[in-house]
Amino acid sequence: MEYFDLHCDTLCELSPYRLYRRRPGTLRANGGQLDLTRAARYTRYAQVFALFCGARPIETAEEAHTRLHTLLQTAREAFASCADVLLPCASADDLRAAERQGKAAAFLSIEGAELLQSEPDIQAAIDAGVRIVTLTWNHRSRYGCGAVTDNGAGLTGEGIRLAQRLAAHGVFLDVSHLSERGFWELLDSTSAPVLATHSNSRAVCPHVRNLTDAQFCAIVRRGGRVGVNLYVPFLTQQRRADCTDIVRHIEHFCALGGAEQLCIGADWDGCDCLPDGIPDVTGIECLAEALARHGYSDTQIRNLMYDNAKRFVETNFIIDTGIPKTK
């Protein structure tokens, strides 16, 4: 089975800016929800690793600079320590190289654009291979507001200008966490495809972090991608969930015409409540089995699990940032 995931917070858990406390470990092996040892069960594996801005708002440009470069160094060290099984990627050519070499493909994203408060830092992130930027996390920042804080607050003028600069650099904007008003302002001010790397359907589960049908359809029309999130409160209003609840979101998005835009963005190590039967990254196999029981074909399952994300990379990640390659 092949698996391409659009969002995890595993590097955050290896950095000083953790979301949760857990047993120490490395990217190769740890006590969290994702490591390369467990992911090795997949015949091809690609992962977008997020660099998280932090649960507390950043107050100064100096603080943003320090956090960004600490996280970039965390990523460099983690990737270098696993060079025998992992290839840092920023382009379609890189992904193909990882596939040829039988290595995990590691892409970088930034979760919370407030990490980027100067042109040199934007360039440093791009040079390090960052190709996706989530405009906000949950709180209000200089660039916009998270949906859980105020869904009616939009992007600031600085936020719109940053989004346009990032798009001009070939960086794709991620609307997961962004307020609904900010979502539409982003689409009005940019023309590139957008991503929602770890968001579900608000029609199926009315959580403010989930996408409305109108938002999902707008992403589909732009040729973007949506990654289904495995966090239980985004799947159901009940205290527990299972694979059937995940399938409900997938079926709803497919009914809206988004089967070719749908991916997985599990949110490994960024959520503390996963569905029954999915204890960690190995549980994606259980989801694939559940989809097969619901009548999904091998091709449909492969598209969701790998090929839809791969096609986005092949179509859009055509700028080589020049990140060091492992020989």
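Residues numbered from 1 in each chain as written. Predicted model: local features only at pLDDT ≥ 70, side-chain atom pairs only at ≥ 80, totals over all residues. Heavy atoms only, no water.

**Considering the overall build of the protein chain**
Okay, so step 1: Across its full length, the protein chain holds 12 helices and nine strands.
Okay, so step 2: Here the protein chain has a C-alpha radius of gyration of 18 Å; the compact-globule value for 327 residues is 20 Å, and the two agree.
Okay, so step 3: Dimensions along the principal axes, computed over C-alpha positions, put the protein chain at roughly 50 × 45 × 40 Å.
Okay, so step 4: Taking all 327 residues of the protein chain together, the buried fraction comes to 60%.
Okay, so step 5: A sequence separation of at least 24 residues applies to 71% of the contacts in the protein chain between residues at least 6 apart.
Okay, so step 6: About 12,500 Å² of surface is accessible on the protein chain, with carbon and sulfur atoms providing 50% of the total.
Okay, so step 7: Taking the 34 positively charged and 40 negatively charged side chains of the protein chain as two groups, their mean positions are separated by 1 Å. (Helix = DSSP H or I, 4+ residues; strand = E, 2+ residues; numbered from the N terminus. Rg over C-alpha atoms; globule rule 2.2 N^0.38 Å. Buried < 20%, exposed > 50% of the residue type's maximum accessible area, 1.4 Å probe, protein only. Contact = heavy atoms within 4.5 Å. Areas by Shrake-Rupley, 256 points an atom, 1.4 Å probe, with all protein chains shown as cover. Lys, Arg positive; Asp, Glu negative; His and termini not counted. Charge placed at Lys NZ, Arg CZ, Asp CG, Glu CD.)

**Section: the pattern of salt bridges**
Okay, so step 1: Following the criterion strictly, the structure yields 21 salt bridges and no others.
Okay, so step 2: Between arginine 44 and glutamate 99 there is a salt bridge; the shortest N-O distance is 3.7 Å. In this pair, arginine 44 is assigned in strand β2 (residues 44-52) and glutamate 99 in helix α4 (residues 92-101), connecting sequence segments 55 residues apart.
Okay, so step 3: Relative accessible area serves as the criterion here: at 28%, arginine 44 is assigned to the partly exposed category.
Okay, so step 4: A salt bridge links lysine 310 to glutamate 99, with the shortest nitrogen-to-oxygen separation between them at 3.3 Å. With lysine 310 in helix α12 (residues 298-316) and glutamate 99 in helix α4, this residue pair connects regions lying 211 residues apart in the sequence. (Salt bridge = Lys/Arg side-chain N within 4 Å of Asp/Glu carboxyl O.)

**What to know about the pairing of strand β4 (residues 104-111)**
Okay, so step 1: Within β4, eight of the eight residues are buried, leaving the element largely enclosed by the surrounding structure.
Okay, so step 2: Alternating residues of β4 divide into Ala104, Ala106, Leu108 and Ile110 and Ala105, Phe107, Ser109 and Glu111, and every residue in both groups is buried.
Okay, so step 3: The pairing of β2 with β4 spans seven bridges and is parallel. What sits directly across from phenylalanine 52, in β4, is glutamate 111.
Okay, so step 4: The pairing of strand β3 (residues 86-88) with β4 spans three bridges and is parallel. Looking across to β4, one finds that leucine 87 is bridged to alanine 105. (Pairing = 2+ DSSP bridges.)

**What about helix α3 (residues 61-81)?**
Okay, so step 1: With 21 residues, α3 extends 30 Å between its outermost C-alpha atoms, agreeing within 8% with the 30 Å of an ideal straight helix rising 1.5 Å per residue.
Okay, so step 2: Among the residues making up α3, those that are buried are Glu63, Ala64, Arg67, Leu68, Leu71, Leu72, Thr74, Ala75, Ala78 and Phe79. Considered in projection along α3, the buried side chains sweep an arc of 160° and stay on one side of the axis. In α3, those exposed residues whose orientation departs by more than 90 degrees from the buried face are Glu62 and Ala80. (Expected span 1.5 Å × (residues − 1). Arc of directions from axis to C-beta.)

**A word on the side chain of asparagine 303**
Okay, so step 1: Here asparagine 303 is to be found in helix α12.
Okay, so step 2: Apart from the residues lying within four places of it in its own chain, the contact partners of asparagine 303 are Leu262, Asn308 and Arg311.

**Some words on unusual backbone geometry**
Okay, so step 1: Backbone geometry places histidine 177, a non-glycine residue, at a positive phi of 85°.
Okay, so step 2: Along the chain, the position of histidine 177 falls in the loop between β6 (172-174) and α7 (180-189).
Okay, so step 3: When its relative accessible area of 7% is taken as the criterion, histidine 177 is described as buried.
Okay, so step 4: At aspartate 267, a position not held by glycine, the phi torsion is positive, near 75°.
Okay, so step 5: With respect to the element layout, aspartate 267 can be found in the loop between β9 (262-264) and α11 (284-293).

**A short note on the pairing of β2**
Okay, so step 1: Most of β2 sits out of view: eight of its nine residues are buried.
Okay, so step 2: Bridge count between strand β1 (residues 2-8) and β2: five bridges; the pairing is parallel. Bridge assignment links glutamate 2 to a residue of β2, and that residue is arginine 44.

**Topic: the packing of aromatic side chains**
Okay, so step 1: All chains considered together, the criterion is met by 13 aromatic pairs.
Okay, so step 2: Between phenylalanine 183 and tryptophan 184, the ring centres sit 4.8 Å apart and the planes meet at 85°, which makes this aromatic pair edge-to-face.
Okay, so step 3: For tryptophan 184, a relative accessible area of 30% gives the class partly exposed. (Phe/Tyr/Trp six-rings, centres within 6.5 Å; stacked < 30°, edge-to-face > 60°.)

As far as function goes, none of this settles anything; it's purely spatial.
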